[in-house]
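Here is how the chains run, residue by residue.
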Amino acid sequence: MSESSESIPSPPFAAPPGMEAPNQAGPGYPPPNPGFPPYGYPYPYPYPYPMMPAAPELPKGLATTGMILGIVGACTSLFYIGGLIGIVGLVFSIIALRKASRGLAGGKGMAIAGLVTSIFGIVVNAIEIVFLVWLFSTASHCSQQVDNTDPNTGVSQMDQCMINSNFN
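What comes next is a walk through the structure. (Residues numbered from 1 in each chain as written. Predicted model: local features only at pLDDT ≥ 70, side-chain atom pairs only at ≥ 80, totals over all residues. Heavy atoms only, no water.)

**Considering the overall build of the protein chain**
- The helix and strand tally for the protein chain stands at five helices and zero strands.
- In the protein chain, the order of α-helices and β-strands from amino to carboxyl end is α-α-α-α-α.
- Residue burial in the protein chain is summarised as follows: out of 168 residues, 20% are buried.
- Excluding contacts between residues fewer than 6 apart, the proportion of contacts in the protein chain whose partners are at least 24 apart in sequence is 56%.
- Looking at the protein chain as shown, the accessible area adds up to about 12,300 Å², and 69% of this sits on carbon and sulfur atoms. (Helix = DSSP H or I, 4+ residues; strand = E, 2+ residues; numbered from the N terminus. Buried < 20%, exposed > 50% of the residue type's maximum accessible area, 1.4 Å probe, protein only. Contact = heavy atoms within 4.5 Å. Areas by Shrake-Rupley, 256 points an atom, 1.4 Å probe, with all protein chains shown as cover.)

So, in structure tokens, the structure goes:
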């Protein structure tokens, strides 16, 4: 045996007969590094590295709230309240997105989703309100027409006014 292998104590387990102990130099292999104990000493596995502590998860409450309010605002945008819910969701999403950009909070993707759905709900509600204002304005204007029916077409003057009206 070489001098370096004599200074290292033998492992607590024995190799099967006719086989060399693990990490021992055989013919054609360089001698083991004397600064390190052989593989398996004193444990059968190499020394584990210490675990890095996981980074604490950043709070996502604002982003979650903004996303939920945005989805609810988009779903209820045809019922007039969706625009109000969308505005609140938009505020929460903007605050969450700013905090996520600074690294103070998590949930950047949820904040973006809340931003998009909130804007969608607000736009749909605004289009609905503009359409209803136009419809009622046109209807009130056309209701002042005399309700005479054209004998050739069978369409009343009020109906003809509604058909011919545009976004003036």
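**Description of the pattern of salt bridges**
- As enumerated under the stated definition, the model contains one salt bridge in all.
- Between lysine 60 and glutamate 57 there is a salt bridge, with its nearest N and O atoms 3.4 Å apart.
- On the accessibility criterion, glutamate 57 (67% relative accessible area) is exposed. (Salt bridge = Lys/Arg side-chain N within 4 Å of Asp/Glu carboxyl O.)

**Considerations on the environment of cysteine 75**
- As for its placement among the helices and strands, cysteine 75 is situated in helix H2 (residues 61-75).
- Once the C-alpha coordinates of cysteine 75 and glycine 86 are considered, the two residues, eleven residues apart in sequence, prove to be 9.8 Å apart.

**Topic: the packing of aromatic side chains**
- The full count for this structure, using the stated rule, is one aromatic pair.
- Centroid distance phenylalanine 131 to tryptophan 134: 5.8 Å. Interplanar angle 35°. Geometry classified as tilted. Of the two residues, phenylalanine 131 and tryptophan 134 both sit in helix H4 (residues 108-142), three residues apart, roughly one turn of that helix.
- Residue classification places phenylalanine 131 among the partly exposed positions, given a relative accessible area of 44%.
- According to the relative accessible area criterion, tryptophan 134 is partly exposed, its value standing at 22%. (Phe/Tyr/Trp six-rings, centres within 6.5 Å; stacked < 30°, edge-to-face > 60°.)

**Some details on a nonpolar patch on the surface**
- Taken together, the side chains of Leu78, Phe79, Ile81, Leu84, Ile87, Val91 and Ile95 define a hydrophobic patch exposed on the protein surface, amounting to about 700 Å² of accessible area.
- Note that phenylalanine 79 resides in the loop between H2 and helix H3 (81-102).
- For phenylalanine 79, a relative accessible area of 60% gives the class exposed. (Patch = residues over 30% accessible without salt bridge, like charges linked within 9 Å, V, L, I, M, F, W, Y side chains within 5 Å.)

**Description of H2**
- Over its 15 residues, H2 runs 21 Å from end to end, which matches the ideal 21 Å to within 8%, given 1.5 Å per residue.
- What H2 keeps buried is the set Ala63, Gly66, Gly70, Gly73 and Ala74. One face of H2 carries all of its buried residues, which in axial projection span an arc of 100°.
- Turning to H2, the residues buried within the fold contact H3 and H4. (Expected span 1.5 Å × (residues − 1). Arc of directions from axis to C-beta.)

**Structural notes on H3**
- Here H3 spans 32 Å end to end across 22 residues, near enough to the 32 Å set by a 1.5 Å rise per residue.
- All of the buried residues in H3 are Gly82, Gly83, Gly86, Gly89, Ser93, Ala96, Leu97 and Ala100. Viewed end-on, H3 has its buried residues packed into an arc of 140°, placing them on one side of the element. Turned more than 90 degrees away from the buried face of H3 sit Leu84, Arg98 and Arg102, all of them exposed.
- Summarising the contacts, the buried residues of H3 are in contact with H2 and H4.
- Two residues or fewer after H3 comes glycine 103, characterised by a positive phi angle close to 85°.

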